[in-house]
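Notes for the structure review
Here's the letter readout for the chains.
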Amino acid sequence: MSVTAAAGFRAAGVAAGLKPSGKPDVALVVNDGPRHDAAAVFTSNRCKANPVLWSERTIVDGKLSAVVLNSGGANCYNGPEGFQTTHASAELVAELIGGQAFDVAVCSTGLIGQPLDREILEAGIRAAAEALAADGGSAAAQAIMTTDTVRKESVAAGDGWVVGGMAKGAGMLAPALATMLVVITTDAVADATDLDAALRAATARTFDRLDTDGCMSTNDTVALLSSGASAVRADLDELTAAVTAVCADLAEQLWHDAEGAHHDIKIEVTGAATEADAVEVARAVSRSNLFKAAVFGNDPNWGRVLAAVGTTRATFEPDKIDIAMNGVTVCRAGGTQLGEPSSAVDLTGRDVHVLVDLNAGERTATILTSDLTHDYVHENSAYST
């Protein structure tokens with residue numbers, strides 16, 4: 001049931017007609033309480049979509065009673081009317097569930113720069129409100145899909161409470177938060193301060209380390225809502241662990257569904273002086289189109305990895321770097337010592353693991369990425385047509 005696995009939540013997903021395909025495109029998640037504590041994090045893109053601008057304001061008081069989401073249109077870069085549509089959506093949800101508009105977060109996804117049909121959206125919101133159900137999580141997860149090929153859902157159990165979540169995302173997957181809409185719910189008793197701490201700790205190590213194509217979205221939103229329906233107060237560490245587990249699971253599902261990908265590539269950096277260094281190095285490799293194209297061609301060209309490492313500000317000595325690909329050490333001491341032959345590396349499978357040891361410390365980090373394929377180029381060259 002994902003986002004409705006926790007007690008105190010109902011959800012729905014309906015087809016309103018925003019998508020030409022006629023597939024579901026409006027979702028609603030409602031917190032029935034008794035508590036309405038919440039936290040949220042958003043894209044760091046300076047060019048933010050209207051729903052992000054609205055939701056950044058609604059979360060200031062740490063309270064949310066609902067999240068309304070639509071696919072079939074990003075509601076971004078479309079003038080003052082776009083923000084008015086977002087505001088009207090929140091007003092309508094509040095009217096239908098008996099709450100306040102400023103307690104309703106709004107999320108949108110789809111093509112940027114196009115008007116979002118308010119009449120169709122509002123009809124969808126009304127239909128979703130009528131369809132709200134305690135087992136409606138999967139329908140909601142279906143309705144927020146765009147280029148996703150599968151819906152993304154996850155659940156983790158705490159000590160007498162539950163955390164559940166849903167996500168969408170397949171392209172523009174790069175920090176902060178990758179290109180995603182995520183709603184996470186829990187029936188644990190937790191105030192907004194703890195929810196915020198748990199969410200930020202979780203996203204920093206999960207969604208923020210998913211970087212399939214180096215492109216940052218305008219609409220990214222990850223919201224965490226607590227109903228308190230279990231009547232069990234969650235320890236912050238336990239809450240953080242459960243929220244992190246859900247975020248990590250959803251992030252991997254986004255990774256495996258990345259647009260056009262033929263390889264799921266895990267870039268692991270060890271031996272770094274700091275964790276920040278490890279992240280920077282792993283991200284540099286993940287964003288190298290030369291490296292990603294080589295993996296698409298099943299070519300274990302470790303020189304492209306080393307070249308990407310060299311673009312960073314991380315602490316390392318070039319002649320001390322070791323690189324392994326799928327368990328084969330192809331580069332030792334920055335190439336000054338003989339490594340295993342590249343021909344020993346098998347990249348024909350879906351999974352690719354690249355291990356970069358900087359030999360400069362004890363910190364580590366991993367970034368998830370994918371290869372650069374004909375399918376990715378085709379899908380994104382024809383996305384708006």
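Preceding block: the structure.
This text gives an overview of the structure that appears in the document.

Each value, and the rule that gives it
- Residues numbered from 1 in each chain as written.
- Predicted model: local features only at pLDDT ≥ 70, side-chain atom pairs only at ≥ 80, totals over all residues.
- Heavy atoms only, no water.
- Helix = DSSP H or I, 4+ residues; strand = E, 2+ residues; numbered from the N terminus.
- Rg over C-alpha atoms; globule rule 2.2 N^0.38 Å.
- Buried < 20%, exposed > 50% of the residue type's maximum accessible area, 1.4 Å probe, protein only.
- Contact = heavy atoms within 4.5 Å.
- Phe/Tyr/Trp six-rings, centres within 6.5 Å; stacked < 30°, edge-to-face > 60°.
- 1 Å grid on protein atoms, 1.4 Å probe; cavity = no way out; pocket = protein on both sides within 12 Å on 5 of 7 lines; lining within 4 Å.
- Points joined across faces, edges and corners; volume = space filled by probe spheres on them.
- Nonpolar A, V, L, I, M, F, W, Y, C, P; charged D, E, K, R; others polar.
- Axes fitted to C-alpha atoms, helices over the stretch in contact; angles between N-to-C directions.
- Parallel < 35°, antiparallel > 145°, perpendicular 65-115°, else oblique.
- Left-handed = near helix turned anticlockwise from the far one by under 90°.
- Salt bridge = Lys/Arg side-chain N within 4 Å of Asp/Glu carboxyl O.
- Pairing = 2+ DSSP bridges.

Moving on, we get to the overall build of the protein. Of the regular secondary structure elements, the protein holds 10 helices and 14 strands. Computed over its C-alpha atoms, the radius of gyration of the protein comes to 22 Å, within 12% of the 21 Å expected for a compact globule of 385 residues. Over its C-alpha atoms, taken along the principal directions, the protein stretches across nearly 70 × 50 × 30 Å. With 385 residues in all, the protein has 53% of them scored as buried. A sequence separation of at least 24 residues applies to 79% of the contacts in the protein between residues at least 6 apart.

This brings us to the packing of aromatic side chains. Scanning the entire structure with this criterion turns up two aromatic pairs. Relative to Phe-102, the ring of Trp-54 lies with its centre 5.1 Å away and its plane at 80 degrees, an arrangement referred to as edge-to-face. Of this pair, Trp-54 sits in helix α1 (residues 50–58) while Phe-102 sits in the loop between α2 (80–97) and β5 (104–108), placing them 48 residues apart in sequence. A relative accessible area of 2% places Trp-54 in the buried class. Judged by relative accessible area, Phe-102 falls into the partly exposed class, the value being 41%. An aromatic cluster is built from Trp-54, Phe-83 and Phe-102, whose rings are joined through pairwise contacts.

Here we come to the layout of surface pockets. Roughly 560 Å³ of volume is contained in the largest pocket. Contributing to the lining of the largest pocket are 23 residues, with Lys-19, Pro-20, Ser-21, Gly-72 and Thr-146 lying nearest its centre. Class assignment for the residues of the lining of the largest pocket results in nine nonpolar, 10 polar and four charged.

Further remarks concern the packing of α1 against α2. The description of two helices packed together rests on the angle between their axes and the distance between the axes. One way to put it is that α1 packs onto α2 with a least axis distance of 8 Å and a crossing angle of 50 degrees. One element, α1, and the other, α2, form an angle in the oblique class. Both α1 and α2 take part in a crossing whose hand is right-handed. Counting all contacts with α1, which are made through Asn-50, Pro-51, Leu-53, Trp-54 and Arg-57, the residues of α2 involved are Gly-82, Phe-83, Thr-86, His-87 and Ala-90. Of the residues contributing to the contact of α1 with α2, the split by class is five nonpolar, four polar and one charged.

Our focus in this paragraph is the pattern of salt bridges. Per the counting criterion, the structure on display carries 15 salt bridges. Residue Lys-63 is joined to Asp-37 by a salt bridge in which the shortest nitrogen-to-oxygen separation is 3.0 Å. In this pair, Lys-63 sits in the loop between α1 and β4 (66–70) while Asp-37 sits in strand β3 (residues 37–42), placing the two residues 26 residues apart along the sequence. Linked through salt bridges whose partners overlap, the residues forming this network are Arg-35, Asp-37 and Lys-63.

Before going further, it helps to spend a moment on the sheet that holds strand β8 (residues 181–186). Strand order in the open sheet made by the five strands is β3-β9-β8-β7-β6, with mixed pairing throughout. The open sheet has two free edges, formed respectively by β3 and β6 (152–157), since each of these has just one partner strand. Recorded for the sheet is a direction-independent mean angle of 10 degrees between the axes of neighbouring strands. Pairing of β8 with strand β9 (residues 221–226), which is carried by six bridges, proceeds in the parallel orientation. Bridging from a neighbouring strand, Thr-185 pairs with Leu-225 of β9. Packing against the sheet, helix α6 (residues 236–256) makes contact with β6, β7 (162–168), β8 and β9, and its axis sits at approximately 155 degrees to β6.

The values reported here are purely geometric and, on their own, carry no functional implication.
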